[in-house]
Amino acid sequence: MTIQFQKDLVNINDLSNEHIEYLFHVADKMKAIIENKQQCTLCEGKILAALFYEPSTRTRFSFESAMHRLGGSVIGFSSTEGTSVSKGETLADTIRTIANYTDIIAIRHPNEGSARVASQYSKVPIINAGDGGHQHPTQTLLDLYSIQLRKHQLKGLNVLLSGDLRFGRTTHSLSIALARFGANLFFASPPGLEMPDYIINTLKEEYNLTPKIANDIRDYIHISDVIYMTRVQRERLGEMEYLQYRGSYVLTNELLKNAKSDAMILHPLPRVDEISKEVDNDPRALYFEQAYNGVPMRMALIATLLGVER
Amino acid sequence: MKTQMLENGTVIDHLPAGTGLHCLDILKKHHIGEESIIVFINVPSEVLGKKDMIKLQDFYIDEQMATFLSLIAPNVTINIIHEHTVTKKIKPALPTTIEGLIPCVNSRCITNTEGYTTEYDIKSKHPVVLKCRYCEFEFTPG
């Protein structure tokens, strides 16, 4: 299969459905490499810069793990302390410099649109690893991949996105991608944390999809094939506002009694209190499997953007 | 209310009724200093029913500023006056994209923190809705 990718992955719309399905196919191969403990040299001699201006556990470590498993190496930072950023260097200048030292850059940044700026100043591929409350397209890829692996399709599935949909960037990219694949969307969030209008408008205008919206997860849990929970984005709220929302929605075993027996419970993690720990033992709780899928999917993406996946 | 009253300057015409003072605020922020200004409010208009109008003595609006005003007043007409005569008429067409001119209203947008030039797609013309190409935030300028 020959398929041309753009240089960067900034927005989930930089990928067509065909691109995403191709990445599923490459991720399957990467999964086999990991599980069979095969030596991989696809990225030998290549360097990934992991520039994390904001804290991260899963995204950063899975990018690093992915590059190491591909036979490449990683440089970068997980805090701007000790870098020229703390001296006031602009994003554009940092990117122009790091692009001289590396072959591909993954960037997480607190400002929305930062990955777009990075792509304009970089001669090497840029991967958006989360830009403020805007998008998190690689999380979307692994979310889609996780659903595809279990459900073998995306079209026609009822997907319930619940929690902080206002600042939960993973839900922004994911809802657009699911709409493109023909899934049905249900949003449940506390008042004040609803999905932004621009996402709702895009779903309606570009995909002819009007999501069902509620303030309570109970309204749609019984018909959902996928229950996707998100935490309150404390770092994007004032402390008083955070306290107002903390604990305002919790997925419990009691609530799950009404869920389908084959529903998937997903969460981009980290979890705070929005999924009760008792749920971890439910066979439908698949969020740690989902986190694992981040490595083969990011291996697939890095290798593909570098043109070495075949 | 005759343009002949203005010897040299600009007449900004066909502003929707109620937007004149708002447009003046924007002009003040961006361009205008100590010039003499007359704002007409609720002037009878065949096209709009009622309209607002601004006359600026000895001040000339450029094409870029005219485009900016068209985001707030899509039917705006700009008349440039020299010695009581209209020497140029600008009827700005709303473009499909906008660069610079106005900041993104999303305070978390990268364009507001490091001074990158803003870029917008015009999503809707009535009312005007801009979509930031960086953060994708949508808003009506004004």
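Residues numbered from 1 in each chain as written. Chains lettered and ligands numbered in written order. Predicted model: local features only at pLDDT ≥ 70, side-chain atom pairs only at ≥ 80, totals over all residues. Heavy atoms only, no water.

Engineer: Describe the side chain of A:S122, and please don't skip the residues or the numbers.
Structural biologist: All names here are of chain A. Among the secondary structure elements, S122 is positioned in the loop between helix 4 (114–121) and strand 4 (126–131). Among the polar contacts made by the side chain of S122, one reaches the main-chain carbonyl oxygen of V124 at a distance of 2.6 Å. The residues contacting S122, other than those within four sequence positions of it, are K7, I95, A99 and I105. (Helix = DSSP H or I, 4+ residues; strand = E, 2+ residues; numbered from the N terminus. Polar contact = N/O pair within 3.5 Å; in protein donor to acceptor, adjacent residues only side chain to side chain. Contact = heavy atoms within 4.5 Å.)

Engineer: Tell me what's going on with empty space enclosed by the protein, and back it up with residues and numbers.
Structural biologist: A water-sized probe, rolled over the atoms, reveals where empty space remains. All names here are of chain A. Enumeration over the complete set of coordinates arrives at one cavity of 30 Å³ or more. The space that makes up the largest cavity amounts to roughly 40 Å³. Residue lining of the largest cavity: R231, V232, Y242, R246, G247, V272, D273 and E274, and that is the complete set. Per-class residue counts for the lining of the largest cavity are three nonpolar, one polar and four charged. (1 Å grid on protein atoms, 1.4 Å probe; cavity = no way out; pocket = protein on both sides within 12 Å on 5 of 7 lines; lining within 4 Å. Points joined across faces, edges and corners; volume = space filled by probe spheres on them. Nonpolar A, V, L, I, M, F, W, Y, C, P; charged D, E, K, R; others polar.)

Engineer: Can you break down the layout of surface pockets residue by residue, with the values?
Structural biologist: What the largest pocket holds in volume is close to 400 Å³. Around the largest pocket, the lining comprises 22 residues; the ones closest to its centre are A:R108, A:R169, A:R231, A:L269 and A:P270. Those elements giving two or more residues to the lining of the largest pocket turn out to be helix 2 (58–69) and helix 6 (169–180) of chain A. Here the lining of the largest pocket is built from residues that sort into five nonpolar, 10 polar and seven charged. Counting residues per element, the ones that place at least two in the lining of the second largest pocket are helix 7 (197–207) of chain A together with strand 7 (119–125) of chain B. Per-element accounting of the lining of the second largest pocket gives the leading share, four residues, to helix 7 of chain A. Along the lines of polarity and charge, the residues of the lining of the second largest pocket split into six nonpolar, six polar and seven charged.

Engineer: Can you explain unusual backbone geometry? Please cite residues and give values.
Structural biologist: Residue A:P270 follows A:L269 across a cis peptide bond; omega there is 10 degrees. Tracing the backbone shows A:P270 in the loop between strand 9 (264–266) and helix 10 (287–305). Positive phi outside glycine occurs at A:N208, with the angle close to 50 degrees. With respect to the secondary-structure elements, A:N208 resides in the loop between helix 7 and strand 7 (212–214). For A:N208, a relative accessible area of 72% gives the class exposed. Here B:N42, not a glycine, exhibits a phi torsion of approximately 60 degrees, which is positive. With respect to the helices and strands, B:N42 occurs in strand 2 (residues 37–45). (Buried < 20%, exposed > 50% of the residue type's maximum accessible area, 1.4 Å probe, protein only.)

Engineer: If you had to explain the confidence of the model for chain B to someone new, which residues and values would you point to?
Structural biologist: Summary statistics for chain B give a mean pLDDT of 87 and a share of 96% for residues scoring 70 or more. Looking at the elements of chain B, mean pLDDT is at its lowest for helix 1 (residues 20–30) of chain B, recorded as 82, and at its highest for strand 4 (residues 77–82) of chain B, recorded as 94. (pLDDT = per-residue confidence, 0-100.)

Engineer: Please set out the packing of helix 1 (residues 17–35) of chain A against helix 10 of chain A residue by residue, giving values where relevant.
Structural biologist: All names here are of chain A. Contact geometry of helix 1 with helix 10 gives a least axis separation of 8 Å together with a crossing angle of 115 degrees. By crossing handedness, the relation of helix 1 to helix 10 is classed as right-handed. Contacts between helix 1 and helix 10 pair Y22, L23, F24, V26, A27, M30, K31, I34 and E35 from the former with Y292, N293, V295, P296, M297, M299, A300, L301, A303 and T304 from the latter. (Axes fitted to C-alpha atoms, helices over the stretch in contact; angles between N-to-C directions. Left-handed = near helix turned anticlockwise from the far one by under 90°.)

Engineer: Kindly report on the interface of chain B and chain A, identifying the contributing residues and their values.
Structural biologist: On the chain A side, the residues contacting the 15 residues of chain B number 20 residues. Summed over both partners, the interface of chain B with chain A comes to about 1,400 Å²; 45% of that surface belongs to carbon and sulfur atoms. Per-residue buried area on chain B facing chain A is highest for B:R108, B:Y134 and B:E136; these three make up 39% of the total on that side. Where chain B touches chain A, the interface holds two salt bridges. As a salt-bridge pair, B:K123 and A:E205 come within 2.7 Å of each other at their nearest N and O atoms. Where chain B touches chain A, the interface holds 12 residue pairs in polar contact (both at pLDDT 80 or more). When the residues that make up the side of chain B that touches chain A are grouped by side-chain class, the tally is five nonpolar, two polar and eight charged. (Buried area = accessible area lost by both parts, 1.4 Å probe. Salt bridge = Lys/Arg side-chain N within 4 Å of Asp/Glu carboxyl O.)

Engineer: Which residues make up helix 4 of chain A, and what values do they have?
Structural biologist: Along helix 4 of chain A, the positions that sit buried rather than exposed are A:S114, A:A115, A:V117, A:A118 and A:S119. Buried residues belonging to helix 4 of chain A abut helix 3 (91–101), strand 3 (104–109) and strand 4 of chain A.

Engineer: Give me the pattern of salt bridges: which residues, what numbers.
Structural biologist: The full count for this structure, using the stated rule, is 22 salt bridges over all chains. The closest approach of N and O atoms between A:E64 and A:R60, which form a salt bridge, is 3.4 Å. Taken together, the positions of A:E64 and A:R60, both in helix 2 and four residues apart, correspond to about one turn of that helix. A:R60 shares its class with A:E64; the two are buried. A salt bridge links A:E239 to A:R234, with the nearest nitrogen and oxygen atoms 2.8 Å apart. Look at A:R234 and you get partly exposed, because its relative accessible area is 40%. Each of the salt bridges in this network shares a partner with another, and the network as a whole consists of A:E205, B:K123 and B:E138.

Engineer: Report on the nonpolar core, specifying residues and quantitative values.
Structural biologist: Residue and element names in this part refer to chain A. Judged by nonpolar contacts, the single largest core of 67 residues is most densely connected at L141, L144, L178 and I302. When residues in this core are grouped by element, the largest group, nine residues, is from helix 1. Among the nonpolar cores identified, the runner-up in size contains 55 residues, and V10, A99, A115 and A118 belong to it. (Core = buried A, V, L, I, M, F, W, Y, C linked by side-chain atoms within 4.5 Å.)

Engineer: So what's going on with the sheet that holds strand 6 (residues 184–188) of chain A? Which residues, and what values?
Structural biologist: Residues and elements named next belong to chain A. Taken in spatial order, the five strands of this open sheet run 7-6-5-8-9, and their pairing is parallel. In this open sheet, the two edge strands, each paired with only one partner strand, are strand 7 and strand 9. Taken over all neighbouring pairs, the strand axes of this sheet differ in orientation by 15 degrees on average, direction set aside. Strand direction decides the pairing type here: strand 5 (residues 158–162) and strand 6, joined by five bridges, are parallel. Note that in strand 6 the partner of L160 across the bridge is F186. Here helix 5 (residues 137–151) sits on the sheet in contact with strand 8 (226–229) and strand 9, set at roughly 165 degrees to strand 9. Most of the contacts of helix 6 go to strand 5, to which it runs at about 165 degrees, and overall it touches strand 5, strand 6 and strand 8. (Pairing = 2+ DSSP bridges.)

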